[in-house]
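Listed here are the chains, written in short residue letters.
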Amino acid sequence: MSKAKSTATQSPAPHVADSHGLIRVHGARVNNLKDVSVELPKRRLTVFTGVSGSGKSSLVFDTIAAESQRMINETYSAFLQGFMPTLARPEVDVLDGLTTAIVVGQQRMGSDPRSTVGTATDANAMLRILFSRLGKPHIGSPGAFAFNVASVRASGGITVERGAAKTKTVKATFSRTGGMCVRCEGRGTVNDIDLTQLYDDTKSIAEGAFTIPGWKSDNVWTVGIYAQSGFLDPNKPIRRFTKKEMQDFLYREPTKVKVNGVNLTYEGLIPKIQKSFLSKDKEAMQPHIRAFVERAVTFTTCPECDGTRLSEAARSSKIKRISIADACAMQISDLAEWVRGLKESSVAPLLAALQHTLDSFVEIGLGYLSLDRASGTLSGGESQRVKMIRHLGSSLTDVTYVFDEPTIGLHPHDIQRMNRLLLRLRDKGNTVLVVEHKPETITIADHVVDLGPGAGTGGGTICFEGTVEELRTGGTTTGRHFDDRASLKETVRKPTGVLEIRGAATHNLRDVDVDIPLGVLAVVTGVAGSGKSSLVHGSLPGQPGAGDSGVVSIDQGAIRGSRRSNPATYTGLLEPIRKAFAKANGVKPALFSANSEGACPNCNGAGVIYTDLGMMAGVATPCEECEGKRFDASVLEYHLGGRDISEVLAMSVTEAEEFFGSGEARTPAAHKILERLADVGLGYLTLGQPLTTLSGGERQRLKLATHMSEKGGVYILDEPTAGLHLADVEQLLGLLDRLVDSGKSVIVVEHHQAVMAHADWIIDLGPGAGHDGGQIVFEGTPADLVAARSTLTGEHLAAYVGA
């Protein structure tokens, strides 16, 4: 009896299903990873640390997350897989224990003019349904409140087939009520073309009246078609055109005409300019074309919808005196309170879902946004947090969430809130993998994986695995710098002048007057949404008068360029390298361009063969002819300093700086550019690395390197510490000092306490976000801010420096 009782009290053996508690990675060799093996605990928060370029993203995103997504695609039928991108398996020996991966990256949201915060989430769709049910007067279905849906009406005969021989023509009408503003087509802005910038009306077409770039009198496709169309008198001054001639000249619909025996299409000047200039991305234009567009075209708020994008009918339907346009323009925290006050049992589930979505915005620190905010204006950090919203209330568990520096763009005050969200996702039974540099977030990790020891080829190995406490004493670069704290300066620089801002009212700014000192390191700080970017980017004086080179704004926005672009082409480094190769071998420089005569004929110098899958992501496979080197085999026979051009492009900046600094390959022009790249902490980048693979912080530092050679001027940097390891922040501070000491004025929008402590002058905005911010709450030296402790920033900076 006692024996049976003791047997019964023994704990049962663990179930075999509970033995899969690890994600196992063995032999990972993606990018710079050197046969990496690691075991990650599931249902825990694991933080990946290491210097920039050490291999964190290669392990987390390009290996673990990529293989998870590839395996999910394989669960679909072969028929469906034929329509999906064929994802290559990462170069790894074993990947075991994977779960569904949801990647929340830093990529900015698309800048489509019709995309807003509301359309990018479910909030706008739910609001449209709400107004279609409760709005008075009732104007139609949810589509009647959508600024992306145009109203359509049609009538005509339709053929109805009934049986083998019975057909009948029936008159039918169709109508659809949409909410799109007819004037601006849902964009909120209209553009007007200044005709005086297109032509000189005192001259005739034959005399060269056009002032449009590239429109020369001998060009049959532009000027020639107007001169010989027969609709106009080419020898008459434009101001003397008849009313019909002016109508044909400016607005005529596309019409076939014969010019010099060739059939061409004649079109009015206004639609032609709109198609050839205004339909293209302004940022991608050549400088002189962009200058023409900025001169000739003015963008103004649509006078018909007042920028709301919605038709008059959509704006007329209201709930408690609030239209959908009013609701979308509200700060989301205020909108959440308004929705909470709606009590209507017929739409109770909808109200609950909308309330949860809006509360998630507030909880994640984005309550200061409005639903009508254009998604293209969000920063990388804001975009990432908007993407997080749909996952906060998810009922899914045992999911792997992968985050790329979720604290980017967050004030120290807001980081605690982000930490709570990460822990909440973990506590629901999910695996959370975070690539991060901020000590505040590393501290909450259950498990830390430190990669390094260096960047690029000097990294790619696991230096440490364990707890945060073990990391502090682990002896790695991250461990040694984990408790680093920048100290306040004993003496600060004296300003050489000021940049005056008066009456700034962009977005949430409240008629702000401030003098930003020149000739010093000035830091603009404040909680997320307090108005920092509005003050610096939206209110600074125009380009002239701010130094020899005007105001140079360097942000983390995407660098324009094709997938062929790389650091060597972007910085102009390739030009002196090509000339050095050409001179050493007695051939043309064009041979050493993968975009020109030296390109591999099979892949046209791309290095890969792209298979375009239409709306799906394309697939790239290395070119078999050149093995990804991009150059024709004959070009690779030419050498400089014992290296061919493909080997030079495969070098890191540090290697290339040494290579072009002395010996046979000595090229001072190239060496100078490489020095600047090393100065901004990009020594680990390879010269031929595609720009599309760079992080936001790397893009910003690359832009900074290209501008460093300019004389004088005011530099505006937007969070230059983004993506920087603790050890690299010190190098950045040294660079900022060198910029100021060389005569430049540096204005930094920043949250990192080390940069604040190192500043000569601090401007703090707040006290809160959105309509609770927009005011200057402190101006002065960092020491004064710490002593006063009058703002949130002051409290966090005082705690940081141990004051």
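So, here's what we can say about the structure. (Residues numbered from 1 in each chain as written. Predicted model: local features only at pLDDT ≥ 70, side-chain atom pairs only at ≥ 80, totals over all residues. Heavy atoms only, no water.)

## Here's the deal with the overall build of the protein
The helix and strand inventory of the protein stands at 29 helices and 27 strands. Against the 2.2 N^0.38 benchmark of 28 Å for 803 residues, the protein shows a C-alpha radius of gyration of 31 Å, consistent with a compact globule. Along the longest, intermediate and shortest principal axes, the C-alpha atoms of the protein span 105 × 80 × 70 Å. Scored against the burial criterion, the 803 residues of the protein give a buried share of 49%. (Helix = DSSP H or I, 4+ residues; strand = E, 2+ residues; numbered from the N terminus. Rg over C-alpha atoms; globule rule 2.2 N^0.38 Å. Buried < 20%, exposed > 50% of the residue type's maximum accessible area, 1.4 Å probe, protein only.)

## A word on the nonpolar core
Among the nonpolar cores identified, the biggest contains 69 residues, and Ile 577, Ile 645, Phe 660, Leu 687, Leu 704 and Val 746 are the most heavily contacted of them. The element that contributes the greatest number of residues to this core is helix α26 (residues 726-741), accounting for seven residues. Contacts of Val 746, omitting those with residues within four sequence positions, involve Val 520, Leu 521, Ala 522, Tyr 715, Leu 717, Leu 736, Leu 739 and Val 740. Judged by nonpolar contacts, the second largest core, of 66 residues, contains Leu 392, Leu 422, Val 434 and Phe 464. (Core = buried A, V, L, I, M, F, W, Y, C linked by side-chain atoms within 4.5 Å. Contact = heavy atoms within 4.5 Å.)

## A closer look at the side chain of Lys 56
If you trace the backbone, Lys 56 turns up in helix α2 (residues 56-73). Among buried Asp, Glu, Lys and Arg side chains, Lys 56 stands out as unpaired, with Glu 405 the closest opposite charge at 6.8 Å. Filtering out sequence-adjacent residues up to four positions away, Lys 56 remains in contact with Phe 48, Thr 49, Gly 50, Val 51, Val 435, His 437 and Leu 451. (Lys, Arg positive; Asp, Glu negative; His and termini not counted. Salt bridge = Lys/Arg side-chain N within 4 Å of Asp/Glu carboxyl O.)

## As for empty space enclosed by the protein
One pass over the full model with this rule turns up three cavities of 30 Å³ or more. Considered as a void within the structure, the largest cavity measures approximately 120 Å³ in volume. As for the largest cavity, its lining consists of 18 residues, and the residues nearest its centre are Glu 405, Lys 438, Thr 721, Leu 724 and His 752. Tallied by class, residues from the lining of the largest cavity come to six nonpolar, seven polar and five charged. Estimates place the volume of the second largest cavity at around 60 Å³. (1 Å grid on protein atoms, 1.4 Å probe; cavity = no way out; pocket = protein on both sides within 12 Å on 5 of 7 lines; lining within 4 Å. Points joined across faces, edges and corners; volume = space filled by probe spheres on them. Nonpolar A, V, L, I, M, F, W, Y, C, P; charged D, E, K, R; others polar.)

## Observations concerning unusual backbone geometry
The step from Lys 136 to Pro 137 runs through a cis peptide bond, and the omega angle for that step is -5 degrees. Position of Pro 137 among the secondary structure elements: in the loop between α5 (123-134) and β6 (152-162). Note the cis peptide between Gly 766 and Pro 767, where omega equals 0 degrees. Here Pro 767 is to be found in the loop between β26 (761-766) and β27 (775-780). Here the phi dihedral of Asp 398 falls at roughly 55 degrees; this positive angle occurs in a residue that is not glycine. When you line up the elements, Asp 398 lands in the loop between α14 (380-392) and β14 (400-404). With phi around 50 degrees, Glu 405 is a residue other than glycine that occupies positive phi space. Its location among the elements puts Glu 405 in the loop between β14 and α15 (412-427). Given a relative accessible area of 9%, Glu 405 falls into the buried group.

## As for the packing of helix α13 (residues 348-363) against α14
Across the interface, α13 lies against α14 with an axial gap of 9 Å and an inter-helix angle of 135 degrees. Accordingly, the angle class assigned to the pair α13 and α14 is oblique. Considering only the axes of α13 and α14, their crossing is right-handed. Touching Thr 357, Ser 360 and Phe 361 of α13 are Val 386, Ile 389 and Leu 392, all from α14. Of the residues that constitute the contact of α13 with α14, the class distribution is four nonpolar, two polar and no charged. (Axes fitted to C-alpha atoms, helices over the stretch in contact; angles between N-to-C directions. Parallel < 35°, antiparallel > 145°, perpendicular 65-115°, else oblique. Left-handed = near helix turned anticlockwise from the far one by under 90°.)

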